[in-house]
2 protein chains.
Amino acid sequence: MPIQNVLLLGATGETGGSILTGLLDAGHFDIKALIRPSSAQKPEVKDLLKRGVKILVADISSPVEELEQMGIVTAAKQVGIKRFVPCGFATVCPAGAVMRLRDHKEQVLNHIKQLFLPLTFIDVGYWYQFSFPPLPSGKIDKYLPPGMNSKMRGDGTAPNLITDLRDVGRFVARIVADERTLNRYVFAWAEEMTEKEIYSVMEEVSGEKLLVNFVSAQEIEDEVLDARRLFEKEPENQELFGRMSSAEYEYSKYVRTDNRGEYARYLGYLDARELYPDLHPKKFWEFVQDLLDGKVRRPYSGVQ
Amino acid sequence: MPIQNVLLLGATGETGGSILTGLLDAGHFDIKALIRPSSAQKPEVKDLLKRGVKILVADISSPVEELEQMGIVTAAKQVGIKRFVPCGFATVCPAGAVMRLRDHKEQVLNHIKQLFLPLTFIDVGYWYQFSFPPLPSGKIDKYLPPGMNSKMRGDGTAPNLITDLRDVGRFVARIVADERTLNRYVFAWAEEMTEKEIYSVMEEVSGEKLLVNFVSAQEIEDEVLDARRLFEKEPENQELFGRMSSAEYEYSKYVRTDNRGEYARYLGYLDARELYPDLHPKKFWEFVQDLLDGKVRRPYSGVQ
């Protein structure tokens, strides 16, 4: 396979880290990571160099997130980038006031499209790493994302696309080397599971009986309305933005049930599992086994 | 072919009228036209009955245009409509503040998608009927759309998708009976022509030498900014909305050059000419001959 040049933004982040590993493992990418001057001396960046990644230190004036991608898109057009992969990497969700986070991405997508810049938009569902409840024994508590508890939303039967964060990069390495995905949306996923099924797998693999706290659809809707109201009063408050985004994720995933393969196909996404039938992503039960074996890293823990 | 039920809104309008004829000619549609009580006694509606169209008189509270489609979309979901074709039928243009008219359609599209309602979005380029300059002899002046003159934008080399209004319905009859177009965007078109080519065909068919008034890209951009500024001051003023929309059409068609097949494909549209290679839409030169032969109706003239 010919060597493909990639400029990666956010290489030291969670999704970026998985993508970096996926690209390195694929072996046919020449990777440059774009790093801000203020981060150039960080140990994570030194680690990138050790892994054979070239570092491009550039003064991008604002953080590389959602709306701040606009300037980068324009620059990408100017230098003739062959394919731009904007920040997606989340659950399947329609544009238009369901999730504010998704709408920010839509603005970037519109900007890309207005520039006639080749693109691929990739969603990956929700991470396994953020989709499991605690075990009563406390065995896996250190891997729990902050705020995670024994919640089950609605009656626990809403299916959701979920993927091991470690598989995101494997999918991306295939998708960005594939002409079929040019100017298309793609959803990568490992399982489409309900919370009931997730709890059942957890019990089976761990041998423990799980606690369940039901949260009604009404409670989820109320929290969305509350969180939006609070955020609108203080639109600069990042904590309130985070609370609203969490609430909107729950609403989209469990009340609207957007994050499903059938809906993704309706929205025009290609199915990465159909494109790459030989790519076998980790099953959820294997992930639970990894949790019990201490082989999982907790996202945002600062440890790579 | 099995009989397909169609509920048509706007059947007495320009695009709706072409669609109605296309559906009737296809012969396998059972057509109901939705008519407001205030229009039920109009001669155009009586004419529909004569043509075998059933009339459904319903009190839709607001005009069937852009944003007002929202309620109809929701109703369509409730009654289980198998495919919703929202108002498109215009030039290819990206969402996101290029054309206000297009953005209204995007809001309807988002609403449809949020409801998981099967859809097909159809654009048809610009009508032949609105794409020709006058002849110096004045022969075809009665067919000229209001405000049409001998303008040529930029250097006259921007290609645009154009279609005879009379062919819109022929395309629609094929598209809505086709499983391949379900949940897809489709562009129907007859020619992709520059203004230079349009002028040249006009001269060839008419034997007359045309006048040309060049309008620079800068003038088009200035007019967009002016028109937007004026509209923003009086957002309820329909005349100013019309002026802004005209200016945005010119900007999108001749400065951005959005209304092209290559760009439509990039945006994810299917090409109706590829889907229906046996459908031969009227060529522009044939339309010009029709103009000279007095066989063309001027849109919005009140004559069917």
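Predicted, not measured: the structure shown is a model, and the values here were computed from it.

**Structural notes on the packing of aromatic side chains**
Aromatic rings in a pair are described by how distant their centres are and how their planes are angled relative to each other.
Then step 1. Inspection of every chain in the model, using the stated rule, returns 33 aromatic pairs over all chains.
Then step 2. Consider the rings of Phe116 of chain A and Tyr263 of chain B, whose centres lie 5.0 Å apart with planes at 75 degrees: the pair is edge-to-face. With Phe116 of chain A in the loop between helix H4 (100-114) and strand S4 (120-123) and Tyr263 of chain B in helix H9 (residues 261-266), this pair bridges two chains.
Then step 3. Centre to centre, the rings of Tyr263 of chain B and Tyr266 of chain B are 5.7 Å apart; their planes meet at 20 degrees, and the pair counts as stacked.

**Quick notes on helix H1 (residues 14-26) of chain B**
Residue and element names in this part refer to chain B.
Then step 1. An ideal rise of 1.5 Å per residue puts 18 Å on 13 residues; H1 measures up with 19 Å between its terminal C-alpha atoms.
Then step 2. Within H1 the residues assigned to the buried category are Glu14, Thr15, Gly16, Gly17, Ser18, Ile19, Leu20, Gly22 and Leu23.
Then step 3. The inward-facing, buried residues of H1 contact strand S1 (4-9), strand S2 (29-35), helix H2 (43-50), strand S5 (126-127) and helix H5 (165-175).
Then step 4. Just downstream of H1, Gly27 is the residue with a positive phi angle, here 85 degrees.

**Some words on the sheet that holds S2 of chain B**
Note: strands within a sheet are paired through backbone hydrogen bonds, in either parallel or antiparallel orientation.
Residues and elements named next belong to chain B.
Then step 1. One open sheet accounts for 3 strands, arranged S1-S2-S3; its pairing is parallel. Where the open sheet ends on each side, the last strands, each with one partner, are S1 and strand S3 (54-57). Strand-to-strand twist of the sheet, defined as the mean angle between neighbouring strand axes without regard to direction, takes the value 30 degrees.
Then step 2. Examined bridge by bridge, S2 and S3 share 4 bridges and lie parallel to one another. Paired with Lys32 across the two strands is Lys54, which belongs to S3.
Then step 3. Where H1 meets the sheet, it contacts S1 and S2, and its direction lies at approximately 155 degrees from that of S2.

**As for the relation of the copies chain B and chain A**
Then step 1. With an RMSD of 0.0 Å, the fit of chain B onto chain A corresponds to turning through 180 degrees and sliding 0.0 Å along the axis. The transformation relating the two chain copies, once decomposed into turn and shift, fits a two-fold axis. Minimal C-alpha distance to the rotation axis in chain B is attained by Gly268 of chain B, lying at 4.4 Å.

**Observations concerning the interface of chain B and chain A**
Then step 1. Every contact between the two is made by 21 residues of chain B and, on the other side, 22 residues of chain A.
Then step 2. For the chain B face of the interface with chain A, the top three residues by lost area are Gln114, Phe116 and Tyr266 of chain B, together amounting to 46%.
Then step 3. In this assembly, chain B and chain A are joined by 12 residue pairs in polar contact (both at pLDDT 80 or more).
Then step 4. Of all the elements in the fold, those that place two or more residues in the side of chain B that touches chain A are helix H4 (100-114) and H9 of chain B.
Then step 5. Class assignment of the residues belonging to the side of chain B that touches chain A gives a composition of 11 nonpolar, 4 polar and 6 charged.

**Observations regarding the nonpolar core**
Then step 1. With 67 residues, the main nonpolar core has Leu23, Phe132, Met202, Phe284 and Phe287 of chain A as its most contacted residues.
Then step 2. Ignoring anything within four residues of it in the chain, the contact list for Leu23 of chain A reads Val6, Phe29, Ile31, Ala173 and Val176 of chain A.
Then step 3. Grouped together as the second largest cluster of nonpolar side chains are 66 residues, Phe89, Val98, Ala227 and Phe241 of chain B included.

Reading the values: rules and limits
Sequence positions are assigned chain by chain, starting from 1 and proceeding in written order. The naming scheme follows written order: chains are lettered A onward, ligands numbered 1 onward. Per-residue local features are limited, in this predicted model, to residues with pLDDT of at least 70; the limit for side-chain atom pairs, both in listing and counting, is 80 or more; totals at the level of whole chains, interfaces and linings are taken over all residues. To get the side-chain values, all heavy atoms of the structure are used, and hydrogens and water are removed first. Each aromatic pair joins two rings of Phe, Tyr and Trp (for Trp, the six-membered one) with centres within 6.5 Å, and gets the label stacked for planes under 30 degrees apart, edge-to-face for over 60, and tilted for any other angle. Numbering of helices and strands starts at the N terminus; helices are DSSP runs of H or I of at least 4 residues and strands are runs of E of at least 2. Working rule for helices: expected span equals 1.5 Å times residues minus one. Three exposure classes are used, based on accessible area relative to the maximum for each residue type with a 1.4 Å probe and protein chains only: buried under 20%, partly exposed in between, and exposed over 50%. Throughout, a contact is declared for two residues whenever any of their heavy atoms are within 4.5 Å. Two strands qualify as a pair provided DSSP detects at least 2 bridges between them. Angles shown run from 0 to 180 degrees and are taken between the N-to-C directions of axes, each axis being a line fitted to C-alpha atoms and, for helices, limited to the stretch in contact. Here the copies are matched by least squares. The fit uses the C-alpha atoms of residues with pLDDT of at least 70 in both. Accessible area that two parts lose when put together, with a 1.4 Å probe and added across both, is what the buried area reports. Polar contacts here mean pairs of N or O atoms no more than 3.5 Å apart (in protein, one a potential hydrogen donor and the other a potential acceptor; neighbouring residues in sequence count only if both atoms are side-chain atoms). Note on residue classes: Ala, Val, Leu, Ile, Met, Phe, Trp, Tyr, Cys and Pro are nonpolar, Asp, Glu, Lys and Arg are charged, and everything else, Gly too, is polar. Definition used in this section: a nonpolar core is a set of buried Ala, Val, Leu, Ile, Met, Phe, Trp, Tyr and Cys residues joined via side-chain atoms within 4.5 Å.

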